[in-house]
Amino acid sequence: MPQSDSIDSTPPPRRSPTRDLTKGAIFPTLFVFSLPILAGNVLQSLNGSVNAVWIGRFLGEAALTATANANNVMFALIGLIFGIGMAATILVAQAMGAHNLAQAKRVLGSSATFFGVASVVIAAVGYPLSRKIMQWMGTPGDALPLAEAYLQIIFLAIPLLYLFAFVSAVLRGAGDTRTPFWFLLLVVVLDTALNPLLIFGWGPIPRMEMRGSALATLFANAIGFALMLMWLRMRQHPLWIERSEIGLFRPDWTIVRALVVKGLPMGAQMVVISMAMIAMISMVNGYGVHTASAYGAALQLWTYVQMPAMAIGAACSSMAAQNVGARLWDRVEGTARAGVLCNIAMTGTLIAVIVLADRFMMGWFLPVGSEAIETARHLNHIAIGSFLFFGVSFVLSGVVRSTGAVVPPLIILIVAMWGIRVPVAHFLQPIWGVDAIWWSFPISAFCSMAATMAYYRWGHWRSARMLPGAAPQPVN
């Protein structure tokens, strides 16, 4: 055969990191898509737990109490802004499901500008108010200076923390869970390595204790976020906005209005949960550092228990939104069923493991021989089952929100948190003592699950829309 006069040297096209979630078998597609999210959640929790070990074991119960109080405040203050990121994720997923990349990039540009400015404002306002916020929560006096020092630096880190989370969430909406995972791994490795270095000091680096732990979080996220942006640019990720497209960062007010209208209720859910947690920890603080540190140790384990719900729920939201964009309603409902079953199996397994080994596990976060370990075990046995109900609610709410139906899940949550959990914890204390606080968790979580299941079955969420003027969704 004659040889060709020229050789085609064109490199093969790069495999796109995005994934079309409107095709393939639902359960395996959901499972594989969710694995990097679950691994990322585990990494974040391991990072937080390792940091808690350094703080609780070496800086004492007051320091652990300080971090528990400060972290609750942080999540409450960024909740509304984080809802904008959730709305953007759904819009991007719907656009990708409809194979409209231009629309996905318009959403990304407008929401990035809005989200970034708002997070900077939160940091600027929150920093000088750190001590007053801690005092308002009733933080024990010996933990107050530590909590203030920690929270001030966390406020400075908020723009980096949540821009990183925002970009990761939008990439997941496009079907890309691998990129966020690898850069989250980098952030966790950096944070874990920097924590003891900055807490205890070494060589020319001074001992900074609580401030050092918060600074480690700030530095790790700054490095990770910068490198992720560089990687997206070099790899020419489909969602990367080129210099010639810089105008996409100018707010499209139609998109911004949709982000606000849909994002505020979703963000408000985080605020409702965080404010309820602040109310709970304020009640716990009234029983002193012993009980508060036990609760803080249990919170560390509960973070792991909710891992499957958070991962599968996030995957279900992105997968459902892409199928909503493609008008594939059978796949939307199949996604909900697969997500609920997966959550029940995984969350139930984790609950069993932690209940069996909680004496050993609580010892990771509390000083050796502390009486708070038995208190932590007691409250854990009562409250940990609530996360089985939470998982079902989280998955179904994520599927419902994928169409733009964001208000009913918020109403259900408000009733569960402030109509059931906080009143049960408060008004039953004269009868049950501190156990009323622990029992309020499973009681409210079960009620939330029942209401969410009813709305999913009989509500009109399928007819909701994210953007005004979009074609109405068909109702089955």
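Description of the structure in this document. (Residues numbered from 1 in each chain as written. Predicted model: local features only at pLDDT ≥ 70, side-chain atom pairs only at ≥ 80, totals over all residues. Heavy atoms only, no water.)

Here we take up the overall build of the protein. Scanning the protein from N- to C-terminus turns up 16 helices and zero strands. Relative to the 2.2 N^0.38 estimate, which gives 23 Å for 476 residues, the radius of gyration of the protein is 23 Å and therefore close to what a compact globule would have. Each of the three principal axes of the protein carries a C-alpha extent, and together these read 80 × 60 × 45 Å. For the protein, the residues scored as buried account for 56% of the 476 residues in total. Restricting the contact set of the protein to residue pairs at least 6 apart, pairs at least 24 apart contribute 82%. (Helix = DSSP H or I, 4+ residues; strand = E, 2+ residues; numbered from the N terminus. Rg over C-alpha atoms; globule rule 2.2 N^0.38 Å. Buried < 20%, exposed > 50% of the residue type's maximum accessible area, 1.4 Å probe, protein only. Contact = heavy atoms within 4.5 Å.)

Tallied over the entire structure, the rule returns zero disulfides. For the unlinked cysteine C342, the closest cysteine sulfur is that of C316, found at 8.2 Å. Taking the relative accessible area as the measure of exposure, C342 reaches 8% and is therefore buried. (Disulfide = S-S within 2.5 Å.)

What follows is about the side chain of Q152. Checked against the element boundaries, Q152 lands in helix α5 (residues 144–173). On the basis of relative accessible area, Q152 is assigned to the buried category, the value being 12%. Other than its neighbours up to four places away in sequence, Q152 contacts Y127, S130 and R211.

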